[in-house]
Amino acid sequence: MTREDELIQRIESGDLRAADELAAIFYPEILRYCLWHAPDRSLAEDAAQETFLKAVRYLNRYTHRGRFKSFLYQIAANTCIDLQRKYRRPALSLEEAAVDPVYLEPAFEDLPSELMFQQLVRGLPKDQREIVVLRFGQDLTLREIADVVHLPLRTVQSRLRSALKKLKAEIPPPREKPILKKEESGKGDHP
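If you're wondering where the values come from, they're calculated on a predicted model, not measured in any experiment. (Residues numbered from 1 in each chain as written. Predicted model: local features only at pLDDT ≥ 70, side-chain atom pairs only at ≥ 80, totals over all residues. Heavy atoms only, no water.)

**Observations regarding the overall build of the chain**
Right, on to step 1. Helix and strand content of the chain: nine helices and zero strands.
Right, on to step 2. Each helix and strand of the chain, placed in order from N terminus to C terminus, yields the pattern α-α-α-α-α-α-α-α-α.
Right, on to step 3. In the chain, which comprises 191 residues, the share counted as buried stands at 32%.
Right, on to step 4. In the chain, 59% of the contacts between residues at least 6 apart in sequence involve partners at least 24 apart.
Right, on to step 5. Of the roughly 13400 Å² of accessible surface on the chain, 53% is carried by carbon and sulfur atoms. (Helix = DSSP H or I, 4+ residues; strand = E, 2+ residues; numbered from the N terminus. Buried < 20%, exposed > 50% of the residue type's maximum accessible area, 1.4 Å probe, protein only. Contact = heavy atoms within 4.5 Å. Areas by Shrake-Rupley, 256 points an atom, 1.4 Å probe, with all protein chains shown as cover.)

So, in structure tokens, the structure goes:
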């Protein structure tokens, strides 16, 4: 019996602390998933909380086969779809989302590439986008993804392969950085 199944049995017998424990285990990755699908952090947090409330409410629909994570992602996906319908906002173009600061803090060095990746993924067809987000944004296995999106494993593999080909074609070549040459004046570094 998995830890999740043990907690689920405790929840079914009325132990609400077990629900808190279960939420603590999965909250970070469900929030990360909701951040991909929500227009802002506040709505993503609301969607993540709603996911856990629904999971407890619909626990009787879950069959104990060690696939609670997939069950939870299915609920999160549906909750995020509802959220998108309610708070529809226009998408930013790559140019509008472009970040080209003169100076970046070290912790933010990867920000432009992460923003570009998110924009490229958002440009994929919905069926491929969801698979890419679950695979690379959430680190789910292909089998777990197949469970979440209710598709055969081979279909998930095919859609992922197709999405990666599209992403590869869309990624711009890296910009060359100019090489700074030291002035050769014979005077060295002195004015």
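From this point, things continue past the structure.
**Quick notes on the packing of aromatic side chains**
Right, on to step 1. Taken as a whole and assessed by the stated rule, the structure comprises six aromatic pairs.
Right, on to step 2. Between Tyr62 and Phe71, the aromatic rings sit 5.3 Å apart at their centres with planes inclined by 45 degrees, giving tilted as the arrangement. Comparing Tyr62 with Phe71, the two get one shared label, buried.
Right, on to step 3. A network of ring pairs unites the aromatic residues Phe26, Tyr62, Phe68 and Phe71 as a single cluster.
Right, on to step 4. Just above the ring of Phe136 sits the side chain of Arg135; from NZ or CZ to the centre is 5.9 Å. (Phe/Tyr/Trp six-rings, centres within 6.5 Å; stacked < 30°, edge-to-face > 60°. Lys NZ or Arg CZ within 6 Å of the ring centre and 35° of its normal.)

**Some points on the side chain of Glu29**
Right, on to step 1. Relative to the assigned elements, Glu29 resides in helix 2 (residues 16–37).
Right, on to step 2. Here Tyr73 takes part through its side chain, which lies 3.1 Å from a polar atom of the side chain of Glu29.
Right, on to step 3. Setting aside residues no more than four positions away along its own chain, Glu29 makes contact with Lys69, Tyr73 and Gln138. (Polar contact = N/O pair within 3.5 Å; in protein donor to acceptor, adjacent residues only side chain to side chain.)

**Topic: the pattern of salt bridges**
Right, on to step 1. Scanning the model with the defined rule gives 11 salt bridges in all.
Right, on to step 2. When the shortest N-O distance is used, the salt bridge between Glu29 and Lys69 registers 3.5 Å. Placement of the pair is Glu29 in helix 2 and Lys69 in helix 4 (residues 68–86), with a sequence separation of 40 residues. (Salt bridge = Lys/Arg side-chain N within 4 Å of Asp/Glu carboxyl O.)

**Thoughts on unusual backbone geometry**
Right, on to step 1. The phi dihedral of Asp139 is positive, around 60 degrees, even though this residue is not glycine.
Right, on to step 2. Relative to the elements of secondary structure, Asp139 occurs in the loop between helix 7 (126–137) and helix 8 (142–149).
Right, on to step 3. Phi angles above zero are rare outside glycine, and His150 is one such case at about 60 degrees.
Right, on to step 4. By secondary structure assignment, the location of His150 is in the loop between helix 8 and helix 9 (153–170).

**Section: the packing of helix 4 against helix 8**
Right, on to step 1. At a closest axis distance of 8 Å, the pairing of helix 4 and helix 8 adopts a crossing angle of 45 degrees. Here helix 8 runs oblique to helix 4, going by the angle between their axes. Where helix 4 crosses over helix 8, the handedness of that crossing is right-handed. Here Lys69, Ser70, Tyr73 and Gln74 of helix 4 lie close against helix 8, whose contacting residues are Glu144, Asp147 and Val148.
Right, on to step 2. Counted by class, the contact of helix 4 with helix 8 contains two nonpolar, two polar and three charged residues. (Axes fitted to C-alpha atoms, helices over the stretch in contact; angles between N-to-C directions. Parallel < 35°, antiparallel > 145°, perpendicular 65-115°, else oblique. Left-handed = near helix turned anticlockwise from the far one by under 90°. Nonpolar A, V, L, I, M, F, W, Y, C, P; charged D, E, K, R; others polar.)

**Here's the deal with the nonpolar core**
Right, on to step 1. Ile30, Tyr33, Cys34 and Phe68 are the most contacted members of the largest nonpolar core, which has 45 residues in total.
Right, on to step 2. Broken down by secondary-structure element, the contributors of at least two residues to this core are helix 1 (3–12), helix 2, helix 3 (41–57), helix 4, helix 6 (111–122), helix 7, helix 8 and helix 9.
Right, on to step 3. For Cys34, the contacting residues outside a window of four places in its chain are Ala44, Ala47, Ala48 and Cys80. (Core = buried A, V, L, I, M, F, W, Y, C linked by side-chain atoms within 4.5 Å.)

These figures come from the coordinates and say nothing about function on their own.
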